[in-house]
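Secondary and tertiary structure notes
Listed below are the residues making up each chain.
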Amino acid sequence: MSIKKAYFCAGCFWGVEYFFQKEQGVLSVVSGYMGGHIPNPSYEIVCSGFSGHLEAVELVFDESIISYEKIAKLFFEIHDFTQTNGQGPDIGSQYLSAIFYTDENQRNIAQNLILELDKKGYKVATTLHFETTFYKAEDYHQNYYKRYNKIPYCHSKKEIFT
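Read on for an overview of the structure.

The rules behind each value
- Residues numbered from 1 in each chain as written.
- Predicted model: local features only at pLDDT ≥ 70, side-chain atom pairs only at ≥ 80, totals over all residues.
- Heavy atoms only, no water.
- Pairing = 2+ DSSP bridges.
- Helix = DSSP H or I, 4+ residues; strand = E, 2+ residues; numbered from the N terminus.
- Contact = heavy atoms within 4.5 Å.
- Axes fitted to C-alpha atoms, helices over the stretch in contact; angles between N-to-C directions.
- Right-handed = clockwise from strand over helix to strand, strands pointing away.

Here we look at the sheet that holds strand β6 (residues 97–101)
By way of backbone hydrogen bonds, the strands of a sheet pair with one another, either parallel or antiparallel. Strand order across the open sheet formed by six strands is β7-β6-β1-β3-β2-β8, with mixed pairing between neighbours. Where the open sheet ends on each side, the last strands, each with one partner, are β7 (127–130) and β8 (135–136). Bridge count between strand β2 (residues 26–34) and strand β3 (residues 54–62): eight bridges; the pairing is antiparallel. Paired with V26 across the bridge in β3 is F61. Sheet strands in contact with helix α4 (residues 104–119) are β1 (3–10), β3, β6 and β7, and its direction is about 150° off that of β6.

A look at the pairing of β7
With four bridges joining them, β6 and β7 adopt parallel strand pairing. Each residue of the ladder has a partner; that of A98, found in β7, is T127. Between the parallel elements β6 and β7, the chain passes through α4 in a crossover that is right-handed.

None of the figures reported here should be taken as evidence of function without further support.
Here it is in structure tokens:
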């Protein structure tokens, strides 16, 4: 089956969602929360840092059109994966860089990309975790930049992989 899921945390989910939605083969992108210890967290509890969740996006993609490796490379190219305390102006544990992999293949691809970035001289702060429960964020967080016809203030694409 060529329909797969992937989970990425790269700071504010609005900007992450914006870039992934533009990719051919990405069927859907949902903003939400992963990695914490409180079931069904709200945006307010996630922002408090108390729940341990990160802002995340869930991608559904067609692997016959776009590879996980291409998606993971884009993940690294749209945020500062070296920042340890948040993302850009968004500071806090909910904005950390992380990948939640769904299988060993995704883990291996992510690890290999991190090794490639290390060899290029980057100090990668991105952490890898096995997939945990994904909680969809409130409706007002979904498709944020599309709804308001804006572009991200804290994410931009920078070519790293050639």
